[in-house]
Amino acid sequence: MQYDEAARAQAEEPEAGKPLILEIKGNSLDDGPGIRSVIFFKGCPLSCSWCHNPESKHAKVEIGYDRKECIGCGTCIAICPAKAISPDNAHYVDRLKCTLCFQCADACPTGALSRVGRNMSVDDIVLEVLKDKPFFDTSGGGVTFSGGEPVMFMEFLSEVLKAFKTHRVHTLLETGGFFDFEKFERLLLPYLDMIYYDIKIMDNDAHRTHTGVSNHRILENFGKLHKILASSEVTLLPRTPLIPRITDTDENIHGVAKYLQELGIKKAALMPYNPLWHDKADKIGAHNSYRDDKVMTKWMEQKQIERCRKIFNNKGIAVI
């Protein structure tokens, strides 16, 4: 069978207005209070140079290859109609040749080759997550929406949130803040219990360099949310990822802390850097300019984290 560009385009497209879901991770203790299920959306308006979930950047389906799972049987090489697979390729799969027919993934005996992203309906998502509701109820947990950027798909996310609220499930959104505020306030805010809001870089030029977008809308949206939610029961928690030489500099951390202090923020989160994203980037054949950078391929030292924490504390902001 021949797979042309039209077939490839069709394979890449999620259903209209709906996100692809990367995974639903249950039994999470790191994405909000209690035991939680985390729904990872595919697609993000930012393109952070250090993205810890690089497989979530693009909204369309991709093919993943995990070298650790490969047994070298050659089944995929023999079956690929585009001849896109070879151990001589830098990432095993030549993504320029690959038509995303996924015959290789379907035939792979170990799952080393896989689809990255799947269509799920609102009912599919709710049904899968509600299996863990007893754990939510006993631990004060719930469901967390992450990504990628779930807010890229506001109408769909609104329907999912509504469904969970009918089942009295606690809802938490992790967002980068780059969204249309009016739509957010109308479609999402009434159904959210908590918002984790990333504030990465205060200098606008540096923000553009490392994320691909201006921070003006992000900071403006945060200010509006803080004002609206100051007297509500919805928790708004600003978070700053600590990225070596990018966000963890004294200048940037002082800038973020000063911005939060001026708004009267008393609590914030700092997210220590970890290098596990490099392997994720390799799996989808993504360009990674930091792959051979010694600083960016090791875990962040505790003294670096404490330095940033102290700057926040000196501004009267508790780091949680």
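Note: the structure precedes this text.
Residues numbered from 1 in each chain as written. Predicted model: local features only at pLDDT ≥ 70, side-chain atom pairs only at ≥ 80, totals over all residues. Heavy atoms only, no water.

### Here's the deal with empty space enclosed by the protein
What counts here: In the cavity and pocket records, a cavity denotes points on a 1 Å grid over the protein atoms alone where a 1.4 Å probe fits but cannot get out, a pocket denotes an open set with protein on both sides within 12 Å along at least 5 of 7 lines, and lining residues are residues with an atom within 4 Å of a point. Grid points are joined across faces, edges and corners, and a volume is the space filled by probe spheres set on the points. All amino acids are sorted into three groups, where Ala, Val, Leu, Ile, Met, Phe, Trp, Tyr, Cys and Pro are nonpolar, Asp, Glu, Lys and Arg are charged, and the leftover types, Gly among them, are polar.
Under the criterion given, the structure shown has three cavities of 30 Å³ or more. Its volume calculated, the largest cavity comes out at about 100 Å³. C70, C73, C76, C108 and P109 are the residues nearest the centre of the largest cavity, which is lined by 14 residues in total. Among the residues making up the lining of the largest cavity, the classes are represented as ten nonpolar, four polar and no charged. In this structure, the second largest cavity occupies an estimated 80 Å³ of space. Along the walls of the second largest cavity sit 13 residues, with C80, C98, T99, C101 and C104 positioned nearest its centre. For the lining of the second largest cavity, the per-class residue count stands at twelve nonpolar, one polar and no charged.

### Quick look at the pairing of strand β6 (residues 142–146)
Stated precisely, the cut-off is as follows: Here the term buried applies to any residue with accessible area under 20% of the maximum for its type, exposed to any over 50%, and partly exposed to those in between, with areas from a 1.4 Å probe on protein chains only. Only DSSP runs of H or I covering at least 4 residues are called helices, and only runs of E covering at least 2 are called strands; the numbering of each starts at the N terminus. At least two DSSP bridges between two strands are required for those strands to pair. The handedness of a crossover follows from its direction of travel: if, with the strands pointing away from the viewer, the path from the first strand over the helix to the second runs clockwise, the crossover is right-handed.
With five of five residues buried, β6 lies mostly within the body of the structure. Relative to β6, strand β2 (residues 36–42) runs parallel, the two sharing five bridges. Along β6, the bridge assignment pairs S37 with V143. Pairing of β6 with strand β7 (residues 170–175), which is carried by four bridges, proceeds in the parallel orientation. Among the inter-strand pairings, G142 is bridged to a residue of β7, identified as H170. With respect to chirality, the unit in which β6 leads through helix α6 (residues 154–166) into the neighbouring parallel β7 is right-handed.

### Observations regarding the sheet that holds strand β8 (residues 194–198)
Inclusion rule: Note on definitions: a residue-residue contact is assigned when non-hydrogen atoms from the two residues lie within 4.5 Å. Where helices are involved, their axes are fitted lines through C-alpha atoms of the stretch in contact, as for all axes, and angles between N-to-C directions lie from 0 to 180°.
Read from one edge to the other, the open sheet built from nine strands follows the order β5-β1-β2-β6-β7-β8-β9-β10-β11, with strand pairing classed as mixed. Each end of this open sheet is capped by a strand with a single partner; those strands are β5 (118–119) and β11 (318–319). Taken together, the six bridges between strand β1 (residues 20–28) and β2 define a ladder with antiparallel strand orientation. Its bridge partner being in β2, I21 is matched across the sheet by F41. Contacts from helix α9 (residues 216–229) reach β8 and β9 (235–241), with the element oriented near 150° to β8.

### Focus on helix α10 (residues 250–263)
Quick note on the threshold: A helix is expected to span 1.5 Å multiplied by its residue count minus one. Directions drawn from the helix axis to the C-beta atoms are what define this arc.
Between its first and last C-alpha, α10 extends 20 Å over 14 residues, near the 20 Å set by a 1.5 Å rise per residue. Every buried residue belonging to α10 is among N252, I253, V256, A257, Y259 and L260, and all of these are buried. Considered in projection along α10, the buried side chains sweep an arc of 160° and stay on one side of the axis. Exposed and oriented more than 90 degrees from the buried face of α10 are E251 and E262. Tucked into the core, α10 has its buried residues touching α9, β9, β10 (267–271) and α12 (302–314). Just beyond α10, the residue with positive phi is G264, at close to 85°.

### Quick look at the packing of aromatic side chains
The line we're drawing: Ring pairs are drawn from Phe, Tyr and Trp, using the six-membered ring of Trp, whenever the two centres fall within 6.5 Å, and their geometry is named by plane angle: stacked under 30 degrees, edge-to-face over 60, tilted for the rest. For a lysine, the NZ atom is tested; for an arginine, the CZ atom; a charge sits over a ring if that atom is within 6 Å of the ring centre and within 35 degrees of the ring normal.
A full pass over the atoms with the stated rule returns eight aromatic pairs. For the ring pair W277 and Y290, a centre distance of 6.5 Å and an interplane angle of 80° mean the geometry is edge-to-face. Of the two residues, W277 is situated in helix α11 (residues 277–283) and Y290 in the loop between α11 and α12; the sequence distance between them amounts to 13 residues. Each member of the pair, W277 as well as Y290, is classed as buried. Cation over ring: R217 sits above F178, and NZ or CZ is 4.9 Å from the ring centre.

### Overview of the pattern of salt bridges
Rule in force here: Here a salt bridge means any side-chain nitrogen of Lys or Arg lying within 4 Å of a carboxyl oxygen belonging to Asp or Glu.
Considering all chains together, one arrives at 23 salt bridges under this definition. Residue D106 is joined to R115 by a salt bridge in which the shortest nitrogen-to-oxygen separation is 2.9 Å. Residue class for D106 comes out exposed when judged on its relative accessible area of 54%. Look at R115 and you get partly exposed, because its relative accessible area is 44%. Overlapping salt bridges bring together K68, D279, D282 and R291 as one network.

### Section: the environment of P272
Of note, P272 is situated in the loop between β10 and α11. Classification of P272 by relative accessible area gives partly exposed; the value is 41%. The spatial distance from the C-alpha of P272 to the C-alpha of V116 is 26 Å, given a sequence separation of 156 residues. Contacts of P272, omitting those with residues within four sequence positions, involve L242, M300 and I305.

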